[in-house]
Amino acid sequence: IPEGIKNWPEKGTYLWVAGTRADPFFYTRKEILEIINKTKRKHINPSNVETGGCANNTIDQMMWATELLKKNDKINHLILTTAAYHTPRCVLTCLQTMNKQSIRRIIISPIPIYHPSGPSLESEEFCGELSRISKYREKGDVASSKLWEEYVKWRSEFINNLNII
């Protein structure tokens, strides 16, 4: 969580933290606000911080996030910050969940967190994530290759039309 907070609020207005059932580093909203206060950032609006409590899995986290998206139609850009090894499945689960909820036209920008003592991209955890993508794709929880391709094409065209790159 502290690594993800480093990207906020410079890269986004809202900070949404979806916990997990097995997260040894689970933080309460109060603890997250304390971490933010230690950064000595000014002009932080605590009402822009949301915590989802415990979630059983990635799909539950994304369902929680899409409910927040539906409540705030001004959001058009979502930054997903998670462990580097988990980033591919997290992004594909987010895209699939938004698609099922008919949430369109949101830019997804992953910011993988690399921790030196955490799992590497050559680790069993990363290989496990890749196999889970296939497994959860069959269940319908992860975006298909076709949906991913359509999304990437739309995102590329959208960003190119902004003339910011």
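For the structure itself, consult the block above.
The rules behind these values
- Residues numbered from 1 in each chain as written.
- Predicted model: local features only at pLDDT ≥ 70, side-chain atom pairs only at ≥ 80, totals over all residues.
- Heavy atoms only, no water.
- Buried < 20%, exposed > 50% of the residue type's maximum accessible area, 1.4 Å probe, protein only.
- Helix = DSSP H or I, 4+ residues; strand = E, 2+ residues; numbered from the N terminus.
- Pairing = 2+ DSSP bridges.
- Right-handed = clockwise from strand over helix to strand, strands pointing away.
- Salt bridge = Lys/Arg side-chain N within 4 Å of Asp/Glu carboxyl O.

(A) Inspection of the pairing of strand β4 (residues 107-113) at higher detail. β4 sits mainly inside the fold: five of its seven residues count as buried. Sheet topology places strand β3 (residues 77-83) next to β4; seven bridges connect them, and they run parallel. Bridge pairing links T82 to P112 in β4. You can see the chain leave β3, run along helix α4 (residues 87-100) and come back into β4, and the turn it takes is right-handed.

(B) Region of interest: the pattern of salt bridges. Applying the stated rule across the entire model yields five salt bridges. Across the pair K139 and D141 runs a salt bridge whose closest N-O atoms are separated by 3.5 Å. Taking the relative accessible area as the measure of exposure, K139 reaches 55% and is therefore exposed. With its nearest N and O atoms 2.9 Å apart, the salt bridge here joins E150 to K146. Residue E150 and its partner K146 are located together in helix α6 (residues 145-162), separated by four residues, close to a single helical turn. Judged by relative accessible area, which is 41%, E150 ranks as partly exposed. A network of salt bridges, in which partner residues are shared, links R89, E129 and R132.

Everything listed here is a matter of coordinates, which is why it stays silent on function.
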